[in-house]
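What follows is each chain in one-letter form.
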Amino acid sequence: MKIILLLAVVGTALANEVDVYTTANDNLDMQAVVNDPEKLQAMTDCFMDRGPCDPVAQSYKLIVPDSIARACDRCNDAQKHLANTYVRGLYWNLPDEYINFMKKYDPHGIYEDNFRKAVKNY
């Protein structure tokens, strides 16, 4: 009986554990990207499949769809900060690109609010 109880507790703990995204590029200075119109456009072009991706942008492009759809629930604090900085920078500096970005990654408009709320304070 004790073994069954122990297995149940361990199983529940493992089931509740959430995988997080790889953290290899979490030290990116996203504010510098947002402050440089050419860098912001280049990263956005990568995300929008309109231009080449450097390795760092490519690593984030891979997680953008999932992170938006899941309100960044697999993001660590650094990634939430990067996402918030990018999305706010895109919204303020390239508003038409922000609209295009959200249409691509949230075509039905069902994830944007939850995603923005999840990263807002980072």
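Heads up: the structure comes first, above all this text.
Residues numbered from 1 in each chain as written. Predicted model: local features only at pLDDT ≥ 70, side-chain atom pairs only at ≥ 80, totals over all residues. Heavy atoms only, no water.

A. Representation of the packing of helix 6 (residues 77–93) against helix 8 (residues 112–119) in the model. Packing of helix 6 against helix 8 leaves a shortest axis separation of 9 Å and a crossing angle of 120°. Relative to helix 8, the element helix 6 is oriented oblique. Taken as a pair, helix 6 and helix 8 cross one another with a handedness that is left-handed. Counting all contacts with helix 6, which are made through Lys80, Ala83, Asn84, Val87, Arg88 and Tyr91, the residues of helix 8 involved are Phe115, Arg116, Ala118 and Val119. Looking at the contact of helix 6 with helix 8 residue by residue, the classes come out as six nonpolar, one polar and three charged. (Axes fitted to C-alpha atoms, helices over the stretch in contact; angles between N-to-C directions. Helix = DSSP H or I, 4+ residues; strand = E, 2+ residues; numbered from the N terminus. Parallel < 35°, antiparallel > 145°, perpendicular 65-115°, else oblique. Left-handed = near helix turned anticlockwise from the far one by under 90°. Contact = heavy atoms within 4.5 Å. Nonpolar A, V, L, I, M, F, W, Y, C, P; charged D, E, K, R; others polar.)

B. Structural context of the pattern of salt bridges. Following the criterion strictly, the structure yields six salt bridges and no others. Between Lys104 and Asp49 there is a salt bridge, and its shortest N-O distance comes to 2.7 Å. Note that Lys104 is positioned in helix 7 (residues 95–105) and Asp49 in the loop between helix 3 (37–47) and helix 4 (55–61), a separation of 55 residues in sequence. The class for Lys104 is partly exposed, based on a relative accessible area of 33%. Residue class for Asp49 comes out partly exposed when judged on its relative accessible area of 47%. Here the salt bridges do not stand alone but share partners, grouping Asp45, Arg50 and Glu97 into one network. (Salt bridge = Lys/Arg side-chain N within 4 Å of Asp/Glu carboxyl O. Buried < 20%, exposed > 50% of the residue type's maximum accessible area, 1.4 Å probe, protein only.)

C. Expanded view of the packing of helix 3 against helix 7. It is the contact of helix 3 with helix 7, at a shortest axis distance of 11 Å, that shows an interaxial angle of 25°. In terms of orientation, helix 3 and helix 7 fall into the roughly parallel class. Between helix 3 and helix 7 the crossing geometry is left-handed. Contact residues: helix 3 offers Gln41, Thr44, Asp45 and Phe47, while helix 7 offers Glu97, Phe101, Lys104 and Tyr105.

D. Fine view of the state of the cysteines. According to the stated counting rule, one finds two disulfides in the structure shown. There is a disulfide in this structure between Cys46 and Cys53, and the S-S distance comes to 2.0 Å. Measuring the twist about the S-S bond at about 100°, one finds the Cys46-Cys53 disulfide to be right-handed. With its sulfur 1.9 Å from that of its partner, Cys72 forms a disulfide with Cys75. Taking the torsion about the sulfur-sulfur bond, which here is approximately -85°, the covalent link between Cys72 and Cys75 counts as left-handed. Among the residues examined, Cys75 registers a relative accessible area of 9% and is labelled buried. Along the protein, the cysteines that take part in disulfide bonds pair up as 1-2, 3-4, counted in sequence order. (Disulfide = S-S within 2.5 Å.)

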